[in-house]
Amino acid sequence: MTGSSMRRAFEWSSGIKIFQDRSDLSRSLAELVLDAAERCVEAQGLFTIALSGGSTPREAHRLLGREPISRAFPWDRACFFWVDERCVAPADWASNYGNALRDFLGQVSLPPENVFPMPAELPPLEGARAYERVLSRFFDPPPGSFPRFDLTVLGLGSDGHTASLFPGHPALDETRRFVVPVRGGDPFMDRLTLTLPVLNHAARTVFMVAGRDKADAVRAVLDLEDPRLPASRVSGNRAWLVDVEAATKLSRRNGLDTPRQEGAH
Ligand code: 6PG
């Protein structure tokens, strides 16, 4: 399969797609990332993506690192950033960067200067400021504005958190910073996270959610738009890729784009 046939297979639309099985969900995310990368490189010569941590995107990451996607992907024109990071060394199982390296980035011919891990080994506040400088230099946003990723990939916690923005945490009220330190989550630890203004400034955002334990959060965000849940506060050009388990409590009024047999090329 070539990149262009995959491009035909995935048509970006803001909305919700439900998948019967997790492998179809993962394949769809990998194809979406390839499609976005190809389009951005064609249009502007460069593709910037901010990856999520957690377990849900890992199979999609592995697909990116394997044929046929790895062959079609414009690695030399793609730059990888993270939406959040746990403050641990890359070798730690909890490291989002470390896991991405093990899952795909370490296996493809990606120039090392195209990878921008969060500086998780610095004291958290220092790490947040350092990553903010990295983003400022790279994106060079006008004063008062924010970096614009071509694509951010987000997960959803069963409590409605996304990136490392947790319900009730003051980090949610940040209006100026690009990156802040946060202590929380599962595993409970120091973390660095992009702020809502940066997430909301992305050209496109895709949420990937799987599992029955996420069903209440999916409903609270998509049906009820409950503003107490951080994921409800992510705005802009959003698409949701959700497995059938996570979608069990979703109402039909959301105009679900259900099983289009994503895997059938
Ligand atoms: C992290 C995240 C976080 C994650 C959700 C879902 O580093 O912890 O980026 O927001 O996406 O917690 O995690 P799972 O995919 O493991 O359920």
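Residues numbered from 1 in each chain as written. Predicted model: local features only at pLDDT ≥ 70, side-chain atom pairs only at ≥ 80, totals over all residues. Heavy atoms only, no water.

Asks: Would you explain the sheet that holds strand β2 (residues 47–51) in this entry?
Replies: Two strands in a sheet stick together by hydrogen bonds in their backbones, pointing the same way (parallel) or opposite ways (antiparallel). What the six strands build is an open sheet, ordered β1-β9-β8-β5-β2-β3; its pairing is parallel. Of all strands in the sheet, those bounded by a partner on one side alone are β1 (16–19) and β3 (78–82). Geometrically, the sheet is characterised by an average inter-axis angle of 20° between neighbouring strands, direction not taken into account. Both β2 and β3 contribute to a ladder of five bridges, which runs parallel. Residue pairing in the sheet places Thr48 in a bridge with Cys79 of β3. (Pairing = 2+ DSSP bridges. Helix = DSSP H or I, 4+ residues; strand = E, 2+ residues; numbered from the N terminus. Axes fitted to C-alpha atoms, helices over the stretch in contact; angles between N-to-C directions.)

Asks: Looking at this structure, I do not really get empty space enclosed by the protein. What am I missing?
Replies: Rolled over the atoms, a probe as big as a water molecule pinpoints where empty space is left. Evaluated as defined, the whole model comprises two cavities of 30 Å³ or more. By volume, the largest cavity is sized at about 40 Å³. As for the largest cavity, its lining consists of Ser52, Gly53, Gly54, Arg58, His61, Asn96, Asn99 and Ala100. For the lining of the largest cavity, the secondary-structure elements that each account for two or more residues are α3 (58–64) and α5 (96–103). Of the residues forming the lining of the largest cavity, the biggest block, three residues, is contributed by α5. Grouping the constituent residues of the lining of the largest cavity by class yields one nonpolar, six polar and one charged. Approximately 40 Å³ is the volume found for the second largest cavity. Surrounding the second largest cavity, Leu29, Ala30, Val33, Ile49, Leu51, Ala60, His61, Leu64 and Val153 form its lining. Residue classes in the lining of the second largest cavity are distributed as eight nonpolar, one polar and no charged. (1 Å grid on protein atoms, 1.4 Å probe; cavity = no way out; pocket = protein on both sides within 12 Å on 5 of 7 lines; lining within 4 Å. Points joined across faces, edges and corners; volume = space filled by probe spheres on them. Nonpolar A, V, L, I, M, F, W, Y, C, P; charged D, E, K, R; others polar.)

Asks: Is there a simple way to think about the sheet that holds strand β6 (residues 179–184) in this case?
Replies: With antiparallel pairing, three strands are arranged side by side in an open sheet as β4-β7-β6. In this open sheet, the two strands that pair with only one neighbour each are β4 (84–86) and β6. Mean inter-strand twist for the sheet, computed between neighbouring axes without regard to direction, equals 25°. Pairing of β4 with strand β7 (residues 189–194) involves three bridges; the strand directions are antiparallel. Pairing of Glu85 across the sheet is with Leu192, part of β7. Along the sheet, helix α6 (residues 124–139) makes contact with β6 and β7, crossing β6 at roughly 145°. (Contact = heavy atoms within 4.5 Å.)

Asks: Would you explain the pairing of β7 in this entry?
Replies: The two faces of a sheet get side chains in turn, since along a regular strand they alternate between them. Across the six residues that make up β7, a large majority, five, are buried. Of the strand pairs in this sheet, β6 and β7 are connected by six bridges, and their pairing is antiparallel. Residue pairing across strands places Gly184 opposite Met189, the latter belonging to β7. (Buried < 20%, exposed > 50% of the residue type's maximum accessible area, 1.4 Å probe, protein only.)

Asks: What should I look at first to understand the nonpolar core in this one?
Replies: One finds Phe47, Phe73, Phe80 and Leu194 to be the most contacted residues of the largest nonpolar core, which totals 80 residues. If we skip the residues at most four places from it in the chain, Leu194 touches Ala50, Trp82, Val83, Met118, Tyr131, Leu135, Phe149, Leu165, Phe178, Val179 and Leu199. (Core = buried A, V, L, I, M, F, W, Y, C linked by side-chain atoms within 4.5 Å.)

Asks: Just to check I follow, could you spell out the site of the ligand for this structure?
Replies: Neighbouring the ligand are 15 residues, the closest being Ser55, Thr56, His161, Ala163 and Lys214. At a separation of 2.8 Å, an oxygen atom of the ligand approaches a polar side-chain atom of Arg86. Within the side chain of His161, one N or O atom sits 2.7 Å away from an oxygen atom of the ligand. Calculation on the ligand without its partners gives an accessible area of 420 Å², and the protein chains cover 88% of this total. For the shell around the ligand, the class distribution of residues is two nonpolar, nine polar and four charged. (Near = heavy atom within 4 Å. Polar contact = N/O pair within 3.5 Å; in protein donor to acceptor, adjacent residues only side chain to side chain. Areas by Shrake-Rupley, 256 points an atom, 1.4 Å probe, with all protein chains shown as cover.)

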